[in-house]
Amino acid sequence: MIMSAAQFIRKGLEPQHLVSSLSFVVFLLSSIFATDNLWVSITAAVFLGVAVMSSVHHAEVIAHKIGEGLGTLVLALCVTIIEVGLIVSLMNQSTVSADSAVLARDTVFAAVMIITNGMVALCLILGGMKYKEQEFQVQGSKSLMVVLMTLALLVFVLPNFTTTTAAGTYNPPQMIFIGIICVVLYLLFILFQTTTHKTYFEAVDTKSDISPIDSTHEITTTDAWLSFISLSVSLIAVIGLAKMISPLIEQGVDYVGAPKSMVGLLIAGIVLLPETWAAVNAARANRLQTSLNLALGSGIASIALTIPTVIAFCLYTNQTLMLGLDPKNMVFLIMTFMAGTITLGTGKATLLQGAVHGVILLTYFVMSFIP
């Protein structure tokens, strides 16, 4: 059945689509006024949250239409687009020019820590409180972890041991090689997840009493396309509004005397809001495998797509890119992967395992604020 233009417009005026448009309008109006106005910043922050929730809803609609495997990929890619947009735009701002060399590293590393500890901890704790024990597929979860671990070590640890440039950096040929490796490994992972071994990433057959999308409501192709349009609009609003409140974030970090690395940590927290919300919803619905697909898949996309983009940007603008972590953060990274490997090695998860990951993240927060 072909939908008329009037029906298409009428569907586009439904509340879930209007919210996305309203967030975008608020971004446009806010950009006209002075960004140092407190009320403008507060309004931008409020509608940033609205745009994030709208992004999650429309990504879930698309996922319901195209299938869970591709659906989690859509949301992961959306989150990565937000991250890339924020990092590149902030690297161009004079207010952070002195710290632009480490901004990408701090943001992506913070995202990895929040994903592998915070998101996983939230899902395991909330799921454990409700179901005592949840099951997931060991093959899929280990596949996610081994790809994430390899990417993280290549990007954040290996640069500390190269000798042709200063510690923590790659020279241009090395940067190009690492960028290509990241993209190739990500494409191989996507092929593995969505085609050759897609059953590894399907939710374990357990009773689910919560569904993000009402299964009685059939998602039409028109609904999916409208959600895609609204998702795109929401993502633009998220990037724009987050960029607008970034000076407020920097001022707040300076005011409390926190280290500059906290800027990257806060940016990562904002970027991961859509993914966290969706992952927690899946865990509460007793679909822990979906939560792990969302969380760890987002971490893989964050490194594999953000880092090559930032490398290309730095090579084009002749900027320095510091990727290597300091010893303290390397300890956190290794601790995270050791705990994660054990957590994902049994196919069953409990609240205790979530608490362990929560403790690692809490310690990382404290040590970042009080280095």
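Computed from a prediction, not measured in an experiment: that's the story for all the values here. (Residues numbered from 1 in each chain as written. Predicted model: local features only at pLDDT ≥ 70, side-chain atom pairs only at ≥ 80, totals over all residues. Heavy atoms only, no water.)

Asker: I keep staring at the overall build of the protein chain and nothing clicks. Help me out?
Answerer: Looking only at helices and strands, the protein chain features 13 helices and 2 strands. Counting over 371 residues, the protein chain shows a buried share of 50%. Accessible surface for the protein chain amounts to roughly 16700 Å². Of this, 71% is attributable to carbon and sulfur atoms. (Helix = DSSP H or I, 4+ residues; strand = E, 2+ residues; numbered from the N terminus. Buried < 20%, exposed > 50% of the residue type's maximum accessible area, 1.4 Å probe, protein only. Areas by Shrake-Rupley, 256 points an atom, 1.4 Å probe, with all protein chains shown as cover.)

Asker: Would you take a moment to explain helix α8 (residues 221–256) for this structure?
Answerer: Residues spaced three or four apart along an α-helix point in a common direction, a consequence of the helix completing one turn every 3.6 residues. The first and last C-alpha atoms of α8 sit 50 Å apart over 36 residues, in line with the 52 Å expected at 1.5 Å per residue. Of all bends in α8, the biggest is about 35°, found at I245, and the proline P247 comes one to four residues later. The first or second residue beyond α8 is G257, which carries a positive phi of 75°. (Expected span 1.5 Å × (residues − 1). Bend = angle between axes of the 7 residues up to and from the residue.)

Asker: Looking at this structure, how should I read unusual backbone geometry?
Answerer: For residues that are not glycine, phi is negative in most cases, and the peptide bond is trans in most cases. Even without glycine at this site, K132 takes up a positive phi of about 70°. One non-glycine residue, N318, lies in positive phi territory at about 60°.

Asker: Sorry if this is basic, but what is going on with the side chain of N171 here?
Answerer: Structurally, N171 is set in the loop between α6 (138–157) and α7 (172–196). Within polar-contact distance, the side chain of N171 engages the backbone nitrogen of Q174 at 2.9 Å. Setting aside anything within four residues of it in sequence, one finds N171 in contact with T164 and T165. (Polar contact = N/O pair within 3.5 Å; in protein donor to acceptor, adjacent residues only side chain to side chain. Contact = heavy atoms within 4.5 Å.)

Asker: Whenever I open this one, the environment of A152 confuses me. Can you help?
Answerer: With respect to the helices, strands and loops of the structure, A152 is situated in helix α6. On the basis of relative accessibility, which here comes to 0%, the residue A152 falls in the buried class. Once the C-alpha coordinates of A152 and L333 are considered, the two residues, 181 residues apart in sequence, prove to be 8.3 Å apart. Filtering out sequence-adjacent residues up to four positions away, A152 remains in contact with V157, I303, L333 and F337.

Asker: How should the layout of surface pockets be read in this particular structure?
Answerer: To find leftover empty space, a probe the size of one water molecule is rolled over the atoms. Taken as a whole, the second largest pocket spans an internal volume of roughly 250 Å³. The wall of the second largest pocket is formed by 16 residues, among which I62, V74, F228, L231 and S232 lie closest to the centre. Among the elements of the structure, α3 (38–66), α4 (68–91) and α8 are those that each provide at least two residues to the lining of the second largest pocket. The element contributing the most residues to the lining of the second largest pocket is α8, with 9 residues. Taken together, the residues of the lining of the second largest pocket break down into 13 nonpolar, 2 polar and 1 charged. (1 Å grid on protein atoms, 1.4 Å probe; cavity = no way out; pocket = protein on both sides within 12 Å on 5 of 7 lines; lining within 4 Å. Points joined across faces, edges and corners; volume = space filled by probe spheres on them. Nonpolar A, V, L, I, M, F, W, Y, C, P; charged D, E, K, R; others polar.)

Asker: Where do I start with the environment of V56 in this structure?
Answerer: Looking at the element boundaries, V56 is found in helix α3. Spatially, the C-alpha atom of V56 lies 5.3 Å from that of P274, the residues being 218 residues apart in sequence. Those residues in contact with V56 that sit more than four places away from it in its chain are P274, W277 and A278.

Asker: Which parts of the structure should I look at to understand the nonpolar core?
Answerer: Grouped burial of nonpolar side chains is what soluble globular proteins tend to show. Residues F156, I303 and L333 are the most contacted members of the largest nonpolar core, which totals 102 residues. For L333, the residues in contact, after removing those within four places along its chain, are F109, V112, A152, L153, F156, V157 and L325. (Core = buried A, V, L, I, M, F, W, Y, C linked by side-chain atoms within 4.5 Å.)

Asker: Just to check I follow, could you spell out the pattern of salt bridges for this structure?
Answerer: Opposite charge on two side chains makes pairing possible when the charged atoms of those side chains draw close. Per the stated rule, a full pass over the model turns up 2 salt bridges. The partner of R105 in a salt bridge is D106, with the nearest N and O atoms 3.1 Å apart. With a relative accessible area of 12%, R105 lands in the buried category. Residue D106 is classed as buried on the basis of its relative accessible area of 13%. Salt-bridge contacts for E133 lead to K348; the nearest nitrogen and oxygen are separated by 3.9 Å. Here K348 lies in strand β2 (residues 348–350) and E133 lies in strand β1 (residues 133–135), a separation of 215 residues in the sequence. Residue classification places E133 among the partly exposed residues on the basis of a relative accessible area of 42%. Look at K348 and you get partly exposed, because its relative accessible area is 39%. (Salt bridge = Lys/Arg side-chain N within 4 Å of Asp/Glu carboxyl O.)

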